Structure formats: structure tokens, C-alpha cells
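Chain by chain, the residues run as shown.
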Amino acid sequence: MKRRTFIKLSVISAAGMVLPLQLEAQADDVPVLKPRTLITPNEDFYILQIKEPVVLDAANWRLGISGLVENRIAPLRLEDIKAMESVETMRTLKCIGDPIGTEQMGNAMWKGARLRDLLQKVGVKDEAKVVVFQCADGYHTAIPLEDAMHEGTILAYEMNGKPLPTDHGFPVRLLNPGHYGTKNPKWIVSIQLAKEHESYWEKRGWDPVANVKLATVIGTPGTEEEIIAGSTYIVSGAAFDAGHHGGINKVEVSIDYGETWEEAEIWAKDTPLAWVLWKWKWQVPKRKGPVEIYARATTNSGITQDEIGIPVEPVEVLGYHTVDARIVESK
Ligand SMILES: Nc1nc2c(c(=O)[nH]1)N[C@H]1C(S)=C(S)[C@@H](COP(=O)(O)O)O[C@H]1N2
Ligand SMILES: [Mo]
């Protein structure tokens, strides 16, 4: 996979036309970081679902709550959910199919209502063990009642200060801290309390728990990227543990197959439910040829990623992300 190594700027030509200008990533004065910003703009946020995004009309949309509940309530309108106490929180979302997070990971500010406030309103029967979400595209997934009652589990209706975009689940999606995207359903149309449920992806062999594993991703350089011998180059990326190991304490980079490690600077962070962004200034050697870049994180609980990954409690740690690049003569 080739990564983007150029940034686009616009300049006004002599004739007054806006021309695209490409700058090389390795130019010393214009380091290109990937990710570039702590918050991923909505238009850059990855999009993933089983079919096409569903376009729902807020006026006609209703959210039904049924199953093992004490009180029957009329289906909720979007206004009803917006009238509940709201929380605004920064969260990183990541796909289980890309656990390192090279492409399918993004971070946003989300606003919504706590799921538990809604569940307390309807009253949950003792036999209920899971909360099932049915979505307008036919997707369905369940989460344990305990996770549903977590104060950080929200029914989100805003993303980065805007109504939730259609691609990200308009009008309402779940944000379920600590869990991969599969457990963050979009276009929710009904919620059921049940004893058990086999979800869409579980039927197809995916992990029913879907806890996010600790991982560090190298954004720059990209695979096969050409790096100028003797230059300074900013290696950059993100690291995320979804709070399972107390958050990220330190990120390190190695360019000698893990023999020695250099500490990167964490230049942006929020709570452990958001990624940390890091960068490391590399004095690129004069010798030309292939180079392999490794990155690893150490958590606040004291766990450091190793080469192949570690099955530690409470959730796993992935191995290093490695990127093959090339040191070349300047052109
Ligand atoms: N309704 C619905 N919700 C869904 C999915 C889906 O296919 N349908 N896919 C899930 C998966 S696998 C991921 S990774 C996230 C992606 O969320 P995003 O498109 O907002 O980035 O949505 C989750 N929620
Ligand atoms: Mo996913």
C-alpha cells in the first residue's frame, strides 16, 4: 500500500488561477505528520459498513426500546434524545479489521446522551444480560449490560460540532468506549434488552468482545517512501490503548531492527479514550539503501509492546508496526 507523501497547497499563479502545488514530505521546513491533527475532520474520517450508508430522515426517525424492560415507552424522537442530559467527549474509533490502525482509525469530539440514562428510564429486568442494537442497514450488534451502563457509553448525535453525518450514522450511533467499531453501531432504529444475542459479525467468526488492543501506528514514512540521505525526517504516528492499560505513557522508534530505541515526542493527547500523536526527528544516515522503521508504546500500567504482541490482562497488546522505506540520494 502506498501512502500519501505529498501535501497539497494552493498558490495563485501570475494569471490569477489557483494551481495545486505539491511539496515533498521530506522537505525539512514542511514536516508532514500523519495523523496531522488530534481531531480528524469529519470529511477525512474513515467510513465502514456492511452495505451503503443509509439516509434517514430525522423527522420520521424513531428509536424503539423493547424486550426485557419494566416500562413500555413510546418510541423516542431525536428531540427526546437531545433533551436528555448531554455529554461531549473525545473518542478514537478504530476498525477490528485494521487493529494497527493504518487507515481505519479516526478521532473526533462526539456529543450525545448516556445510554444508561435511557435504560434507567425504562427499567431493565433482572434477566436482561445484553443490549441489542438493530440498525437501518440490517446490521445488528449486542453489548453486555454492564458496558451499556458505563457512564462513557453514549448515543451520539453530533460529531465535531455538527449533526452526525449520514456516513457516520445519522441521526444516532453508539459510542462504546474500549471497543472496536463493530460495537459502535450506526443508524440505530431499535434497542432491545435480551438474555443473549449473536451479532452480525460474530455469526461470521469475529470476536464478540472486540476490546481494542494496544497498538502503535507509523503514519510517516509510508511503505516504500523515499527518504533523502543525510536529511532530517520527521517520523510520526499515533498510539492507542483505549484506556485498557491506563493510557499511553511513552512512544519509541527504532531504525536498527529493535536493537536501540529513541523516545518520540507525544505532541497531542487527551484522555486515554483518544489516541496520542507522536513524532520523532530522525537524522537520516548518509548511507543509501532499505531501512525498516519500528515503533512501540509503553502504557501507564507499565506494559511495553514487543515484536509479536502479548496476551496480557485485561486486553491484548499488538506487536510493532514496521514500515519498509528507502534512503536515497537527493535528486
Ligand atoms: N449500522 C452499522 N453500524 C456499523 C457498521 C455497519 O456495518 N452498520 N460497521 C461497524 C464497523 S465494522 C466500524 S469499523 C464502524 C465504522 O464507523 P465509521 O464509519 O463512523 O468510521 O462502524 C460500525 N458500525
Ligand atoms: Mo470495523
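As a reminder, the structure under discussion sits directly above these lines.
The notes below deal with the structure included here. As the structure is a prediction and not an experimental result, all values here were calculated from the model.

What counts and what doesn't
- Residues numbered from 1 in each chain as written.
- Chains lettered and ligands numbered in written order.
- Predicted model: local features only at pLDDT ≥ 70, side-chain atom pairs only at ≥ 80, totals over all residues.
- Heavy atoms only, no water.
- Buried < 20%, exposed > 50% of the residue type's maximum accessible area, 1.4 Å probe, protein only.
- Helix = DSSP H or I, 4+ residues; strand = E, 2+ residues; numbered from the N terminus.
- Arc of directions from axis to C-beta.
- Pairing = 2+ DSSP bridges.
- Near = heavy atom within 4 Å.
- Polar contact = N/O pair within 3.5 Å; in protein donor to acceptor, adjacent residues only side chain to side chain.
- Phe/Tyr/Trp six-rings, centres within 6.5 Å; stacked < 30°, edge-to-face > 60°.

1. Describing helix α2 (residues 115-122)
Next up, step 1: Taken together, the buried positions of α2 are Leu115, Leu118, Leu119 and Val122. Down the axis of α2, the buried set is contained in an arc of 100°. They therefore lie on one face.

2. Remarks on the pairing of strand β19 (residues 289-299)
Next up, step 1: In terms of residue burial, β19 counts as a mostly covered element, since nine of its eleven residues are buried.
Next up, step 2: Where strand β15 (residues 248-254) meets β19, six bridges bridge the pair, whose relative direction is antiparallel. The residue of β19 that forms the bridge with Lys250 is Thr298.
Next up, step 3: When β19 meets strand β22 (residues 321-328), the two strands line up antiparallel, connected through seven bridges.

3. Here's the deal with the sheet that holds β19
Next up, step 1: A sheet is described by the order of its strands in space; here five strands give the open sequence β13-β22-β19-β15-β16, paired in mixed fashion. The two strands at the open ends of the sheet, each matched to only one other strand, are β13 (226-228) and β16 (262-263).

4. Some thoughts on the site of ligand 1
Next up, step 1: Close to ligand 1 lie 20 residues; Tyr46, Ile50, His168, Arg173 and Lys186 are nearest.
Next up, step 2: At 2.7 Å from an oxygen atom of ligand 1 is found a side-chain nitrogen or oxygen belonging to His168.
Next up, step 3: Contact between ligand 1 and Asn184: a nitrogen atom at 3.1 Å from a main-chain N or O atom of the residue.

5. Description of the packing of aromatic side chains
Next up, step 1: All told, the structure shown has eleven aromatic pairs when counted by the stated rule.
Next up, step 2: Both rings, one in Tyr139 and one in Tyr200, keep their centres 5.6 Å apart while their planes meet at 45°; by these two values the pair is tilted. In this pair, Tyr139 is assigned in the loop between β6 (130-135) and β7 (140-144) and Tyr200 in the loop between β11 (188-194) and β12 (215-220), connecting sequence segments 61 residues apart. For the pair shown, Tyr139 and Tyr200 are each scored as buried.
Next up, step 3: Connected via pairs of aromatic rings, a cluster forms that spans Tyr139, Tyr200, Trp201 and Trp206.

6. Considering unusual backbone geometry
Next up, step 1: For the peptide bond that leads from Lys34 to Pro35, omega is -5°, which places it in the cis range.
Next up, step 2: Across the junction of Phe170 and Pro171, the peptide omega takes the value 5°, indicating a cis bond.
Next up, step 3: Note on placement: Pro171 falls in the loop between β9 (162-163) and β10 (173-175).
Next up, step 4: Here Asn160, not a glycine, exhibits a phi torsion of approximately 50°, which is positive.
Next up, step 5: Looking at the element boundaries, Asn160 is found in the loop between β8 (154-159) and β9.
Next up, step 6: Residue Trp187 is not a glycine yet carries a positive backbone phi of 50°.

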